[in-house]
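# Residue-level structure breakdown
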Amino acid sequence: MAYVEYINKSLFVNHIYFNKQKLSKDQRSVLKRQFKFYQKLSLTHQSYFEHRVFMVIKNMEFIGKDLEVTQEMKVMISATLVKLTFGLRDYRIKSVERIIFYPDEFYSQTNKAYHKGEFNLGYKALVFSWKDVLHGYDIEDDNLNLAVHEFTHAIHFYFMRVRHRSTSAAIFLNAYVELTTMLDKNPKLKSKLIKSQFLREYAFTNQFEFLSVVIETFIESPDQFKSQFPQIYMKVKTMLNFNFAGY
């Protein structure tokens with residue numbers, strides 16, 4: 001923790017598995033079809049990725065509302081969480097114990113409105129419109145990915161809770177504070193970011209939405225992000241500890 005806090009925001013080792021699990025052929029085929037991120041990993045990293053997906057599926061409750069939950073749905077959603085946390089040691093985010101799927105937009109009892117996705121902290125659940133999850137992956141460079149967006153909220157809240165006992169949380173949150181501080185101290189950069197509309201307007205609703213939109217954009221348009229805003233890109237890369245798959 002001291003090394004992460006004061007010397008270098010990176011982990012010595014973040015993949016140690018004594019009983020590495022494998023996905024079935026059908027589950028692996030979902031990753032090969034739907035996840036370019038997985039395809040770009042080395043064979044060793046692919047085996048780590050599969051193990052994490054296996055463990056997330058094993059420990060997550062999946063609930064379908066007016067639709068049957070398929071293996072494809074389980075793999076795609078679990079792989080989204082694994083992708084976001086792949087550079088970190090802590091990937092089993094305990095703020096989420098269940099995933100609830102609706103076929104389309106659903107009515108939320110939380111704020112009495114229709115939603116495409118929702119993180120319910122009290123129920124430890126992520127709720128998704130499956131139609132909109134698929135749309136997020138069908139168009140891979142529009143910086144709109146519902147699953148990435150909502151999982152980022154869950155990761156953010158969980159890391160805030162375990163900040164002082166998790167090196168992964170420390171890396172993530174410290175780098176995020178550095179990012180927001182950098183923007184506050186550099187009004188020209190902040191103004192350029194806002195005027196460019198590179199991040200959609202929703203990013204500037206509050207700090208939580210800003211984080212989710214920044215990470216959506218980082219995941220979906222890394223080359224463009226790095227070219228236009230290299231300082232911001234590097235802070236997000238540090239947050240996620242991404243040093244693979246071309247990032």
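Okay, so let's go over this structure. The residue numbering used here restarts from 1 in each chain and proceeds along that chain's sequence as written. Only residues with pLDDT of at least 70 get local features here, since the model is predicted, and only at 80 or more are side-chain atom pairs given and counted; chain-wide, interface and lining totals rely on the full set of residues. Values shown for side chains rest on all heavy atoms present in the structure; no hydrogens or waters enter the calculation.

### A short note on the overall build of the protein
Selection rule: Put simply, DSSP H or I for four residues or longer makes a helix, DSSP E for two residues or longer makes a strand, and each gets a number counted from the N terminus. Buried residues are those whose accessible area, probed at 1.4 Å on protein chains only, stays under 20% of the maximum for their type, while exposed residues exceed 50% and partly exposed ones sit between those limits. Two residues form a contact once any of their heavy atoms are found within 4.5 Å. Reported accessibility uses the Shrake-Rupley method at a 1.4 Å probe radius. Residues are deemed covered only where the shown protein chains occlude them. Here the positive residues are Lys and Arg and the negative ones are Asp and Glu; neither His nor the chain ends is included. Where a charge lies is defined by one atom per residue type, namely NZ (Lys), CZ (Arg), CG (Asp) and CD (Glu).
Within the protein, the regular secondary structure consists of 12 helices and 6 strands. C-alpha extents for the protein along the principal axes are approximately 50 × 45 × 30 Å. Residues counted as buried form 53% of the 247 residues belonging to the protein. Long-range contacts, defined here as pairs at least 24 residues apart, represent 70% of the contacts in the protein between residues at least 6 apart. Carbon together with sulfur atoms contributes 50% to the accessible area of the protein, which is approximately 12300 Å² in total. Looking at the protein, you have 34 positive and 25 negative side-chain charges, and the mean spots of the two groups are 8 Å apart.

### Quick look at the pattern of salt bridges
To keep things clear, this is the line we draw: We count a salt bridge whenever a side-chain nitrogen from Lys or Arg sits within 4 Å of a carboxyl oxygen from Asp or Glu.
Under the definition given, this model contains 10 salt bridges. Lysine 235 serves as the salt-bridge partner of glutamate 178, at 2.9 Å between the closest nitrogen and oxygen. Note that glutamate 178 is positioned in helix H8 (residues 167-185) and lysine 235 in helix H12 (residues 230-240), a separation of 57 residues in sequence. For lysine 235, a relative accessible area of 23% translates into the label partly exposed.

### Side note on the pairing of strand S2 (residues 98-102)
Using the following cut-off: For two strands to be treated as a pair, DSSP must find no fewer than two bridges joining them. We call a crossover right-handed when, viewed with the strands running away from us, the connection from the first strand over the helix to the second turns clockwise.
Along S2, 4 of the 5 residues are buried, which leaves the element largely enclosed by surrounding structure. Where strand S1 (residues 61-64) lies against S2, 4 bridges are found, and the strand directions are parallel. Each residue of the ladder has a partner; that of glycine 64, found in S2, is phenylalanine 101. Between S1 and its parallel partner S2, the chain crosses via helix H5 (residues 71-85), and the hand of that crossover is left-handed. Looking at chain direction, S2 and strand S6 (residues 125-129) are connected through 5 bridges and run parallel. Of the residues in S6, the one forming a bridge with arginine 98 is alanine 125.

### Thoughts on unusual backbone geometry
In this model, lysine 124 sits at a positive phi of 50 degrees, which is unusual for a non-glycine residue. One non-glycine residue, asparagine 241, lies in positive phi territory at about 55 degrees. Residue placement: asparagine 241 occurs in the segment after H12.

### What about the packing of aromatic side chains?
Stated precisely, the cut-off is as follows: Two rings from Phe, Tyr or Trp (for Trp, the six-membered ring) form a pair when their centres sit within 6.5 Å of each other. Planes less than 30 degrees apart are called stacked, planes more than 60 degrees apart edge-to-face, and all others tilted.
Under the counting rule described, the total for this entry stands at 27 aromatic pairs. A ring pair is formed by phenylalanine 37 and tyrosine 247, whose centres lie 6.2 Å apart and whose planes are at 50 degrees; its orientation type is tilted. Placement of the pair is phenylalanine 37 in helix H3 (residues 36-40) and tyrosine 247 in the segment after H12, with a sequence separation of 210 residues. Of the two residues, phenylalanine 37 and tyrosine 247, both sit in the buried class. Relative to phenylalanine 106, the ring of tyrosine 102 lies with its centre 5.0 Å away and its plane at 20 degrees, an arrangement referred to as stacked. The exposure class of phenylalanine 106 is buried, given its relative accessible area of 3%. An aromatic cluster of at least three residues, connected via ring pairs, comprises Phe37, Tyr38, Phe49, Phe86, Phe198, Phe218, Phe225, Phe229, Tyr233, Phe242, Phe244 and Tyr247.

### Observations concerning the side chain of histidine 153
Rule in force here: Pairing of N or O atoms within 3.5 Å defines a polar contact, subject to two protein rules: one partner must be a possible hydrogen donor and the other a possible acceptor, and residues neighboring in sequence count only if both atoms are side-chain atoms.
Turning to its location among the elements, histidine 153 is positioned in helix H7 (residues 146-161). Only 3.2 Å separates the side chain of histidine 153 from the side chain of serine 212, close enough to count as a polar contact.

### Details of the environment of lysine 94
Topologically, lysine 94 is positioned in the loop between H5 and S2. For lysine 94, a relative accessible area of 57% puts it in the exposed group.

### Some words on the packing of H8 against helix H10 (residues 207-220)
Quick reminder of the rule: To get an axis, fit a line to the C-alpha atoms, keeping to the stretch in contact for a helix; angles then go from 0 to 180 degrees between the N-to-C directions. An angle counts as roughly parallel when it lies under 35 degrees, as roughly antiparallel when it exceeds 145, as roughly perpendicular when it falls between 65 and 115, and as oblique in every other case.
Packing of H8 against H10 leaves a shortest axis separation of 12 Å and a crossing angle of 100 degrees. As summarised for this structure, H8 and H10 are arranged roughly perpendicular, according to the angle between their axes. Between H8 and H10, the contacting residues are Phe172, Tyr176, Leu179 and Leu183 on the first element and Gln207, Phe210, Leu211 and Ile215 on the second.

### Examining H7
Here is the rule: For a helix, the expected span equals 1.5 Å multiplied by the residue count minus one.
Counted at 1.5 Å a residue, the expected span for H7 with its 16 residues is 22 Å, and the 23 Å between its end C-alpha atoms agrees. Of all the 16 residues making up H7, 13 are buried; the element is thus mostly covered by neighbouring parts of the structure. Put simply, asparagine 145 is the residue that caps the front of H7, since its side-chain oxygen is 3.2 Å from the backbone nitrogen of alanine 147.

The values reported here are purely geometric and, on their own, carry no functional implication.
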